[in-house]
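Topology and contacts: notes
Spelled out from the first residue to the last, the chains are:
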Amino acid sequence: MLKPTPSAILFVCLGNICRSPLAEAAFRHEASLAGLDVTADSAGTGDWHVGRPPDPRAQATALRHGIDISTYRARQIAPADFQRFDMIFALDGDNLANIRRLAPAGHRAHVGLLLDMVSGREGQAVADPYFGDEAGFDVTWRDVQAAARALVSRF
Ligand code: 4NP
């Protein structure tokens, strides 16, 4: 049985093709396992990859965990997101600072660092795997899965 919708949650990285799509996928998966009817999305602070599917390495990582993210498309965070979403999580500190700069005055969304949700990982970044090798995407997956589980456990 589905529990009532708790929140709408947005995950934000730089390009919206590596980390935040994986955070969205991991969260959707954990929320569905927990029977939560939740709204989740992801976005980038940059616009270079708008309209593109996730990086093939991110798609392969999600698929290894049984999740197809091939239909996701990158988009850039917009001021309206601060009204649409209750919680906006940055994947690292640079993106957190940029999100805060974009935030319209008086918005009510919680804006914070994703790994602040994980006990013992407060203040840490989900490392950017874009310029590294495939193994980096497994590290990303472990981080976003831990955050997804921690988030779901709060509902
Ligand atoms: P993401 O990774 O922020 O996790 O999606 C990146 C994707 C693209 C670039 C940097 C990071 N880029 O420089 O194009």
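It should be noted that the structure appears before, not after, this text.
In this report, we go over the structure that sits alongside the text. (Residues numbered from 1 in each chain as written. Predicted model: local features only at pLDDT ≥ 70, side-chain atom pairs only at ≥ 80, totals over all residues. Heavy atoms only, no water.)

Some thoughts on the sheet that holds strand β3 (residues 87-90)
Within a sheet, neighbouring strands are paired by backbone hydrogen bonds and run either parallel or antiparallel to one another. Which entries qualify depends on this criterion: Strand pairing follows a simple DSSP-based rule, namely that at least 2 bridges must link the two strands. Secondary structure elements follow DSSP: runs of H or I no shorter than four residues count as helices, runs of E no shorter than two count as strands, and numbering proceeds from the N terminus. Only the contacting stretch of a helix is used when fitting its axis, a line to C-alpha atoms as for every element, and angles between N-to-C directions run 0 to 180 degrees. Only heavy atoms enter the contact rule, under which two residues are in contact if any of them lie within 4.5 Å.
Spatial ordering of the open sheet is given by β2-β1-β3-β4, a layout of four strands whose pairing is parallel. Edge positions in the sheet fall to β2 (39-44) and β4 (110-113), since each of these pairs with one other strand and no more. Pairwise comparison of adjacent strand axes, ignoring direction, gives a mean angle of 20 degrees for this sheet. The sheet contact formed by β3 and β4 spans four bridges and is parallel. Within β4, the position partnered with A90 by the bridge is L113. Strands in contact with helix α1 (residues 19-33) are β1 (8-13) and β2; relative to β1, the strand with the most contacts, it is inclined by about 150 degrees.

Focus on the nonpolar core
Put simply, the rule is: Here, the term nonpolar core denotes a set of buried Ala, Val, Leu, Ile, Met, Phe, Trp, Tyr and Cys residues that are joined through side-chain atoms within 4.5 Å. Partly exposed residues are those whose accessible area sits between 20% and 50% of the maximum for their type, while under 20% is buried and over 50% is exposed, using a 1.4 Å probe and protein chains only.
F11, F27, L114 and V144 are the most contacted members of the largest nonpolar core, which has 36 residues in total. With eight residues, the top contributor of residues to this core is helix α5 (residues 135-153). One finds I77, I88, I99 and V111 within the second-largest nonpolar core, a separate group that totals 14 residues.

A look at helix α4 (residues 93-102)
For clarity, the cut-off: Regarding the arc, it is the one traced by the directions from the helix axis to the C-beta atoms. Residues adjacent in sequence count toward polar contacts only when both atoms are side-chain atoms; beyond that, a polar contact is any pair of N or O atoms within 3.5 Å, and within protein one must be able to donate a hydrogen and the other to accept it.
Of all the positions in α4, only N95, L96 and I99 are classed as buried. With its buried residues spanning 105 degrees around the axis, α4 presents them on a single face. Opposite the buried face of α4, by more than 90 degrees, sit the exposed residues D94 and R101. Those residues of α4 that are buried lie in contact with β1, α1, α3 (81-84), β3 and β4. Where α4 begins, the capping side chain belongs to D92, and its oxygen is found 3.2 Å from the backbone nitrogen of D94.

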